[in-house]
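Listed below are the residues making up each chain.
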Amino acid sequence: ELIEKNIALKAVSENAFAFSYIPEKLRNDREIVLTTIKNKGSLFDDIDSQYYKDKEIIFEAIKSEPSCFSKLSKKIEVDKDIALFAVKQEASNYLFLDKKYREDKEIIKNVLKNGNNLVLFDDEDRNNIEIVKIAIKNNPESIKYASKELQEKLENSWIKKIGEFKNKGLSR
């Protein structure tokens, strides 16, 4: 039986799709499941539901294929750790989070760390000065995804500040 397990481990470490062909009793072996998922996160659909609460397996699935989170999030109970890990791996995973995590400041900051991710947010968030400021701080081009109202407000405040600098003799 140990030899059979070692053969199965080698098979799934070389080709995760081999998981479908190993004996049923070995498909429930945690080490084999973990090795499979490390190589192909999208095979999470094929593992036994007993592993849907195993955070190490969940993290490895997201890590190996961040885009599989959209399907995975429907099968597991997503907590803040999983939500944060998912958006750190792929900002667009934000779209698949429950509302309570989409409103979490730490998660929002991580989504906005890379690129023009303000585009992922809804109109209400694009009109939220706090969220837009974080986005602009990380990428000034994000301003174009803010609400028109907020763009005008920020533009006017910047023009005012430039005028104040000029009046103080701080401009060139």
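Residues numbered from 1 in each chain as written. Predicted model: local features only at pLDDT ≥ 70, side-chain atom pairs only at ≥ 80, totals over all residues. Heavy atoms only, no water.

> Sorry, what's going on with the layout of surface pockets here?
Empty space left among the atoms is revealed by rolling a probe the size of a water molecule over them. Space inside the largest pocket adds up to approximately 350 Å³. As for the largest pocket, its lining consists of 17 residues, of which Tyr 94, Arg 102, Glu 103, Asp 125 and Ile 131 are closest to the centre. Taken together, the elements giving at least two residues each to the lining of the largest pocket come down to α7 (99-102), α8 (105-112), α9 (123-126) and α10 (129-138). A breakdown of the residues in the lining of the largest pocket according to their chemical character gives seven nonpolar, one polar and nine charged. (1 Å grid on protein atoms, 1.4 Å probe; cavity = no way out; pocket = protein on both sides within 12 Å on 5 of 7 lines; lining within 4 Å. Points joined across faces, edges and corners; volume = space filled by probe spheres on them. Helix = DSSP H or I, 4+ residues; strand = E, 2+ residues; numbered from the N terminus. Nonpolar A, V, L, I, M, F, W, Y, C, P; charged D, E, K, R; others polar.)

> Sorry if this is basic, but what is going on with the packing of aromatic side chains here?
Two descriptors summarise a pair of aromatic rings, namely the distance from one centre to the other and the angle between the planes of the rings. Applying the stated rule across the entire model yields three aromatic pairs. Considering the side-chain rings of Phe 59 and Phe 85, the 4.7 Å spacing of their centres and the 55 degrees angle between planes classify their relative orientation as tilted. Of this pair, Phe 59 sits in helix α4 (residues 55-64) while Phe 85 sits in helix α6 (residues 80-89), and the two are 26 residues apart along the sequence. For Phe 59, a relative accessible area of 23% translates into the label partly exposed. Arranged with centres 4.6 Å apart and planes meeting at 40 degrees, the rings of Tyr 94 and Phe 121 form a pair that is tilted. Of this pair, Tyr 94 sits in the loop between α6 and α7 while Phe 121 sits in the loop between α8 and α9, and the two are 27 residues apart along the sequence. Just as Tyr 94 is buried, Phe 121 falls in that class too. (Phe/Tyr/Trp six-rings, centres within 6.5 Å; stacked < 30°, edge-to-face > 60°. Buried < 20%, exposed > 50% of the residue type's maximum accessible area, 1.4 Å probe, protein only.)

> Help me understand the pattern of salt bridges, please; the structure alone is not making it clear to me.
Two side chains bearing opposite charge may form a pair once their charged atoms approach each other closely. Under the definition given, this model contains 17 salt bridges. Residue Glu 56 is joined to Arg 30 by a salt bridge in which the shortest nitrogen-to-oxygen separation is 2.7 Å. Of this pair, Glu 56 sits in helix α4 while Arg 30 is found in helix α3 (residues 30-39), placing the two residues 26 residues apart along the sequence. Here Glu 56 falls in the partly exposed class, since its relative accessible area comes to 37%. Of the charged contacts, one joins Lys 99 and Glu 103 as a salt bridge, the two residues approaching to 3.4 Å between their closest N and O atoms. Glu 103 matches Lys 99 in its accessibility class, with the two residues each being exposed. Among the ionic contacts, a cluster of salt bridges with common partners joins Lys 5, Asp 29 and Glu 31. (Salt bridge = Lys/Arg side-chain N within 4 Å of Asp/Glu carboxyl O.)

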